[in-house]
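Each chain is listed here by its residues.
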Amino acid sequence: MIKKIVEKLQNKKIVILGFGREGESTYLFIRKYMGNVPLTIIDENSELQAREILKQDKNLTLFLTSDYFSLLENYDWIIKSPGFSFKNQDVRKIKDKITSQMELLLEVHRDKVIGITGTKGKSTTSSLLYEIIKSQNENVVLVGNIGIPVFSVLEKCNNDTLFIMEMSSHQLEYLKVSPHIGVVLNLFEDHLDHAGSVEHYHNIKLHMFENQTKEDIMVYCGDNETLNEIVKQRKFKSKSIRIDLKGLEDSLVFKKEHAIFFQNEVIYNEEEPRHLLGVHNLENIVVAIVVAELLCLNHEKVLSVVRNFQPLPYRLQNIGEKENVIYYVDTVATIPEATIDAIETLQNVNTLIFGGMDRGISYSKFIEYLNLSSIEHFICMPTTGFTIGKKLSKEKVFYAKNLEEAVRIAKKVTKEKTICLLSPAASSYEQFKNYKEKAEKFKEYVFDNE
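**Q** Explain the overall build of the protein chain to me, please; I cannot follow it from the model alone.
**A** When its secondary structure is counted, the protein chain shows 17 helices and 20 strands. For a compact globule of 450 residues, the expected C-alpha radius of gyration is about 22 Å, and the protein chain comes in at 23 Å, within 12% of that figure. Considering only C-alpha atoms, the protein chain reaches an extent of 65 × 55 × 45 Å along its principal axes. Going through the 450 residues of the protein chain one by one, you find that 55% of them count as buried. The contacts in the protein chain between residues at least 6 apart in sequence include a share of 65% that link residues at least 24 apart. Of the accessible surface of the protein chain, which amounts to about 20500 Å², a share of 46% is contributed by carbon and sulfur atoms. Here the protein chain carries 57 positive and 62 negative side-chain charges, and the mean point of each set is 3 Å from the other.

Take a look at the structure:
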């Protein structure tokens with residue numbers, strides 16, 4: 001793999017766009033396997049100038065600017081980090097030059113790649129599938145949007161290594177190669193600050209299947225109406241497996257009573273004990289089991305992993321009890337549908353803390369849902385929370401300028417033997433570095449006297 005990737009990059013004028021975790025791993029890969037070839041890095045962070053590793057590199061050109069787009073035409077390969085957006089830019093002249101760690105791997109190893117995307121659930125499904133496979137085959141790695149760059153693991157991989165690749169819309173946008181097994185879990189309205197329109201965002205997600213061949217496999221959840229309609233309209237070349245848990249027996253995967261069938265064999269019972277709660281997690285589980293079936297794994301061992309798999313941090317996570325109130329953190333819920341799933345899964349939510357960065361998505365259905373819910377206390381945070389709170393008919397609507405104030409209010413108003421849930425239904429970037437930082441601060445404020 002490494003040799004083939006190096007051959008593709010050899011004797012080319014290369015620019016690395018972005019020097020975060022993935023950009024740095026690209027730089028280290030090139031220096032380790034290609035030596036001191038001329039190389040350019042473009043980033044907006046002026047502090048990179050002080051990095052010792054870059055200061056000592058005599059064959060490196062470093063541009064620290066936000067006005068970088070016009071520079072890109074000068075290169076043969078643009079190895080783009082996911083965080084860099086070309087929104088509102090005409091990329092036609094450079095589109096064929098744009099690549100990424102994911103695409104470079106797919107070009108040389110796609111038959112051993114399982115790609116997983118969706119507006120929500122992709123990290124849980126990717127991690128569960130990884131644990132399932134790892135229990136029977138140690139030669140598997142988990143990479144991508146989960147936070148592990150492809151190039152950081154290649155050294156320990158070989159031609160038989162199976163890659164579970166969590167893929168975000170940023171990573172899919174310019175992809176010209178699709179994985180052998182592609183999974184799309186669902187499509188909702190999200191990332192409009194980057195994609196510009198919901199139609200473009202959904203189209204990016206479907207790049208998962210776009211370049212598959214008739215020898216490849218596409219797996220998708222037909223219960224998601226938006227995804228189901230788009231797949232119906234498009235003519236993908238790959239073999240199709242639709243998962244439908246609403247009981248439609250014309251699907252390859254369907255539910256009848258509590259049993260879930262694949263190719264007319266029961267593969268799971270929804271009454272099985274599990275730590276992944278809720279209907280949304282049932283879909284995630286079924287997807288992982290279906291892929292395991294495609295890989296011909298031992299079914300009983302698969303079910304054993306599913307039973308024992310714990311929710312990932314910050315995803316509907318019970319962080320403990322204080323003064324007879326149970327606190328849950330769900331900061332990964334960055335869209336209203338995810339927050340609704342959390343509320344319906346827990347059922348005993350008395351106080352909901354929500355709100356975050358406004359990315360232009362519609363909250364009309366969310367507002368309607370909250371108005372009809374049995375939740376007694378809504379604590380609204382900037383920016384979306386303030387907008388939504390004005391449209392709630394509940395008497396007990398509170399406004400908090402930050403999370404610390406929101407927790408103080410929650411401690412005063414939440415009834416004993418009920419749940420206080422932090423589930424933003426929006427991005428955390430406005431006041432926090434990411435959803436992890438927001439969750440950790442929530443834990444700190446809840447238990448600040450302990």
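From this point, things continue past the structure.
**Q** I'm lost on the packing of aromatic side chains in this one. Help?
**A** The geometry of an aromatic ring pair is captured by two quantities: the separation of the ring centres and the angle between the planes. If you walk through the whole model with that rule in mind, you get 14 aromatic pairs. Summarising the aromatic geometry, the rings of Phe29 and Tyr33 are spaced 5.0 Å apart at their centres and angled 50° between planes, so their arrangement reads as tilted. Here Tyr33 and Phe29 lie together in helix H2 (residues 21-34), a separation of 4 residues that amounts to about one turn. When its relative accessible area of 29% is taken as the criterion, Tyr33 is described as partly exposed. Taking the centre distance of 5.5 Å and the plane angle of 80° together, the rings of Phe386 and Tyr399 count as edge-to-face. Highlighted residues: Phe386 in helix H15 (residues 384-389) and Tyr399 in strand S19 (residues 397-399), separated in sequence by 13 residues.

**Q** Quick question: what am I supposed to make of the pattern of salt bridges here?
**A** Opposite charge on two side chains allows them to pair when their charged atoms are near. Applying the stated criterion across every chain yields a total of 20 salt bridges. Here Arg31 ties to Asp57 by a salt bridge, and the two come within 2.8 Å at their closest N and O atoms. With Arg31 in helix H2 and Asp57 in the loop between helix H3 (52-55) and strand S3 (60-64), this pair connects stretches of sequence that are 26 residues apart. Taken together, the salt bridges that share partners define one network made up of Arg110, Asp111 and Asp216.

**Q** Please clarify how the environment of Ile285 should be interpreted in this entry.
**A** Topologically, Ile285 is positioned in helix H11 (residues 279-294). Under the relative-accessibility criterion, Ile285 is labelled buried at 0%. For Ile285 and Leu303, which are 18 residues apart along the polypeptide, the C-alpha to C-alpha distance reads 9.7 Å. Contact partners of Ile285, with chain neighbours within four places excluded, come to Leu128, Tyr268, Arg274, Leu276 and Val306.

**Q** Can you help me understand the pairing of strand S6 (residues 113-117) in this one?
**A** In regular strands, side chains alternate between the two faces of the sheet. With 5 of 5 residues buried, S6 is to be regarded as a mostly interior element. Of the two faces of S6, the one lined by Val113, Gly115 and Thr117 and the one lined by Ile114 and Ile116 are each fully buried. Of the strand pairs in this sheet, S6 and strand S8 (residues 162-166) are connected by 4 bridges, and their pairing is parallel. Bridge pairing in S8 places Ile116 opposite Glu166. Where S6 lies against strand S9 (residues 181-184), 4 bridges are found, and the strand directions are parallel.

**Q** Help me understand the pairing of strand S16 (residues 325-329) in this model?
**A** Summarising burial for S16: 4 of the 5 residues are buried, a large majority. The pairing of strand S15 (residues 317-322) with S16 spans 5 bridges and is classified as antiparallel. When the bridges of S16 are listed, Gln317 appears paired with Val329.

**Q** Looking at this model, I keep getting lost on the sheet that holds strand S10 (residues 217-221). Mind explaining?
**A** One key point about sheets: their strands pair by backbone hydrogen bonds, in either a parallel or an antiparallel sense. Spatially, 9 strands are ordered S7-S8-S6-S9-S10-S11-S12-S13-S14 in an open sheet, and the strand pairing comes out mixed. Two strands close off the open sheet at either side, each with one partner strand: strand S7 (140-144) and strand S14 (265-269). Put simply, the sheet's adjacent strands are angled 20° from each other on average, direction ignored. With 4 bridges connecting them, strand S12 (residues 253-256) and strand S13 (residues 259-262) associate as antiparallel partners. Note that in S13 the partner of Phe254 across the bridge is Phe261.

**Q** Got a minute to help me understand the sheet that holds strand S17 (residues 349-354) in this structure?
**A** Here we have 6 strands laid out as an open sheet, ordered S15-S16-S20-S17-S18-S19, and mixed in their pairing. Each edge of the sheet is formed by a strand with only one pairing partner; in this case those strands are S15 and S19. Pairs of neighbouring strands in the sheet enclose a mean axial angle of 20°, with direction left out of account. Contacts from helix H16 (residues 403-413) reach S15, S16, S17, strand S18 (377-380), S19 and strand S20 (418-422) within the one sheet, and its direction differs from that of S17 by about 170°.

**Q** Help me out: how do you make sense of the nonpolar core in this one?
**A** Soluble globular proteins tend to bury their nonpolar side chains together. Formed by 49 residues in total, the largest nonpolar core has its most connected members in Leu154 and Phe163. Among residues more than four places away in sequence, those in contact with Phe163 are Met1, Leu105, His109, Lys112, Val113, Ile114, Val141, Val143, Val153, Leu154 and Cys157. Ranked by size, the runner-up nonpolar core spans 42 residues in total, among them Cys221, Ile241, Val253 and Val290.

**Q** Could you clarify how one ought to interpret the environment of Ser135 in this entry?
**A** With respect to the helices, strands and loops of the structure, Ser135 is situated in the loop between helix H5 (122-134) and S7. Between the alpha carbons of Ser135 and Lys301 there is a distance of 7.6 Å; along the sequence they are 166 residues apart. Among the polar contacts made by the side chain of Ser135, one reaches the main-chain carbonyl oxygen of Ile132 at a distance of 2.6 Å.

**Q** Help me out: how do you make sense of the side chain of Glu283 in this one?
**A** Along the chain, Glu283 turns up in helix H11. Here Glu283 occupies a buried position and makes no salt bridge, while the nearest side chain of opposite charge, Lys120, is found at 7.4 Å. If we skip the residues at most four places from it in the chain, Glu283 touches Cys221, Asp223 and Leu245.

**Q** Got a minute to help me understand the packing of helix H1 (residues 2-9) against helix H4 (residues 101-109) in this structure?
**A** Relative orientation and spacing of two packed helices are given, respectively, by the angle between their axes and the distance between those axes. One can describe the packing of H1 onto H4 by two numbers: an axis separation of 9 Å at closest approach and a directional angle of 115°. Judged by the sense of rotation from one axis to the other, the crossing of H1 with H4 is right-handed. Residue-level inspection shows Lys4, Ile5, Lys8 and Leu9 of H1 in contact with H4, the latter providing Leu104, Leu105, Glu107 and Val108. By residue class, the composition of the contact of H1 with H4 is 5 nonpolar, no polar and 3 charged.

Definitions and cut-offs
- Residues numbered from 1 in each chain as written.
- Predicted model: local features only at pLDDT ≥ 70, side-chain atom pairs only at ≥ 80, totals over all residues.
- Heavy atoms only, no water.
- Helix = DSSP H or I, 4+ residues; strand = E, 2+ residues; numbered from the N terminus.
- Rg over C-alpha atoms; globule rule 2.2 N^0.38 Å.
- Buried < 20%, exposed > 50% of the residue type's maximum accessible area, 1.4 Å probe, protein only.
- Contact = heavy atoms within 4.5 Å.
- Areas by Shrake-Rupley, 256 points an atom, 1.4 Å probe, with all protein chains shown as cover.
- Lys, Arg positive; Asp, Glu negative; His and termini not counted.
- Charge placed at Lys NZ, Arg CZ, Asp CG, Glu CD.
- Phe/Tyr/Trp six-rings, centres within 6.5 Å; stacked < 30°, edge-to-face > 60°.
- Salt bridge = Lys/Arg side-chain N within 4 Å of Asp/Glu carboxyl O.
- Pairing = 2+ DSSP bridges.
- Axes fitted to C-alpha atoms, helices over the stretch in contact; angles between N-to-C directions.
- Core = buried A, V, L, I, M, F, W, Y, C linked by side-chain atoms within 4.5 Å.
- Polar contact = N/O pair within 3.5 Å; in protein donor to acceptor, adjacent residues only side chain to side chain.
- Left-handed = near helix turned anticlockwise from the far one by under 90°.
- Nonpolar A, V, L, I, M, F, W, Y, C, P; charged D, E, K, R; others polar.

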